Amino acid sequence: METQLSEVLVEDNLKQFLLVVLIALSVATLSQVSPWLKKVPYTLLLVIVGLLLALADVRLVTLSPPLILLIFLPPLLFQAAWNLEWPELKQEWLAITLYAVFGVVISIAGVAFALHQWVGLNLSLALLVGASLAATDPVSVIALFKELGASKRLSMLVEGESLFNDGVAVVAFGLLLGLAVGTETSIDLPNAFVRFVSVVGLGVGVGCVIGFAISFLTQRFDLPLVEQSLTLVSAYGAYILAEDVGGSGVIAVVCAGIILGNFGSRIGMQPRTRAIVSEFWDFLAFFVNSIVFLLIGDQVHFSQLAQNWSLLIVGVLATVVSRLVAVFTLSALGNLLINPKVSFGEQTVLWWGGLRGSVSIALALSVPTSVVGGETLITTVFGVVLFTLLVQGLTIKPLLEVLKLSGEATH
């Protein structure tokens, strides 16, 4: 009897998964075929379709933190890190570090202050909302950059910051979760700093070890499919191993991806193999993004959004204003030390292009049910994520053209 039930469950789950894939890929394909739909990034189109399904109360699957963090996140992070150019990353490391570390702190503090002072949200819960919304998701923005021919430097700043601030935001969220759960009564800043450095350091260490180990291993043979499989193992292996030893899985995947993309693919892979592996990761990222953005829209509960409208307005304003303060303040500081400086136009795009997405959703959903106000947290994060994706995401293209930062605008 149990075997029959498990077989039925597997069959139902498979049908649900195939339905999600079919809808996601159909929307992604239509966005490339229709001249009108091509004007909208396919990821945002998927969110809109998901919202329409939610409006009709059609729920495809239930999003869970393990589904996003363990299954979906490693390939998305690895593909972005694989394509980062080390010389350009090294040139922009100071600006990226400022945005990814101090920008996260400013974002958490700004959102938490606004929600606590203006809406009366419990401080520990407000801090968790801030940490959830500190992680940026530039998939739609980067796709537009490529389409419009925006500068490689702007792409590097946006994508480089996102990769590292995802890791920092996840670590910060983990540290703040103790306050909401009740295992900690106050924030011990020196202790929190040591824990933060430890978690990030372990993540970097695991990522570097796996990245260099796979790099030297692939140097010993030329088997494209095996080498492709090893990169897949390294992405998931880095995440799982880092989490098991108490480090940051996100940081580990990013480090492994950067090393394999810039070092391993050059010393251990033939040009043909490197092209095959790159195409594989481009496909995997497209496939996973198609599913994730559709499900983000499909998980929305409009009744809850309507009931918490005041909370959402404050959350959106706090997120946007905190991002503005972080980008322009840190850019002014960074411009004293770097050359070429980050221009006003680039700062504006960095501010308005700070979309939120899958990582924010996953963090919000990972809050234990024992936390009082957990549903309020999830609703707030979903509402802010939708605003950034639909309002900011759909207006970033005209902004690039107005600021003359797109290839089209410069002709």
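Because the structure is a prediction, the values reported are computed rather than measured. Per-chain numbering applies: the sequence of each chain, read as written, is numbered from 1 onward. Per-residue local features of the predicted model are confined to residues with pLDDT of at least 70, and side-chain atom pairs are confined, for both listing and counting, to 80 or more; whole-chain, interface and lining totals are unaffected and use all residues. Only heavy atoms go into the side-chain values, all of them from the structure, while hydrogens and water stay out.

Even after reading the chapter, I still don't get the pattern of salt bridges, so can you show me in this structure?
A side chain with one charge may pair with a side chain of the opposite charge, provided their charged atoms come close. Salt bridges are counted wherever a side-chain nitrogen of Lys or Arg sits within 4 Å of a carboxyl oxygen of Asp or Glu. Within this structure, the stated rule accounts for 5 salt bridges. Between Glu346 and Arg153 there is a salt bridge whose closest N-O contact spans 3.5 Å. Taken together, the residues Glu346 in helix H15 (residues 344-352) and Arg153 in helix H8 (residues 152-181) connect sequence positions 193 residues apart. Taken as a pair, Glu346 and Arg153 share a single burial class, namely buried. Connected through shared salt-bridge partners, Glu92, Arg153 and Glu346 make up one network. Helix and strand assignments follow DSSP, with helices taken as H or I runs no shorter than four residues and strands as E runs no shorter than two, numbered in order from the N terminus. A 1.4 Å probe rolled over the protein chains alone gives each residue an accessible area, and that area as a share of the maximum for its type sets the label: buried under 20%, exposed over 50%, partly exposed in between.

Help me understand the nonpolar core, please; the structure alone is not making it clear to me.
Side chains that are nonpolar tend, in soluble globular proteins, to be buried together. What makes a nonpolar core is a set of buried Ala, Val, Leu, Ile, Met, Phe, Trp, Tyr and Cys residues whose side-chain atoms join them at distances within 4.5 Å. Membership of the largest hydrophobic core comes to 134 residues, with the highest contact counts inside it found for Phe145 and Leu377. The biggest single contributor to this core is H8, with 14 residues. Any two residues whose heavy atoms approach within 4.5 Å are treated as being in contact. Apart from the residues lying within four places of it in its own chain, the contact partners of Phe145 are Ala150, Leu154, Ser155, Val158, Val349 and Leu400.

Even after reading the chapter, I still don't get helix H9 (residues 189-218), so can you show me in this structure?
Residues spaced three or four apart along an α-helix point in a common direction, a consequence of the helix completing one turn every 3.6 residues. For H9, spanning 30 residues, the distance from its first C-alpha to its last is 43 Å, which sits close to the expected 44 Å at 1.5 Å a residue. Those residues of H9 hidden inside the fold are in contact with H8, helix H10 (224-244) and helix H11 (249-267). Expected helix span is taken as 1.5 Å per residue step, with the number of steps being one fewer than the number of residues.

Which parts of the structure should I look at to understand the environment of Leu69?
The topology assignment puts Leu69 in helix H3 (residues 65-82). Separated by 297 residues in the primary sequence, Leu69 and Ser366 place their C-alpha atoms 9.6 Å from one another. Contacts of Leu69, omitting those with residues within four sequence positions, involve Pro74, Tyr239 and Ala362.

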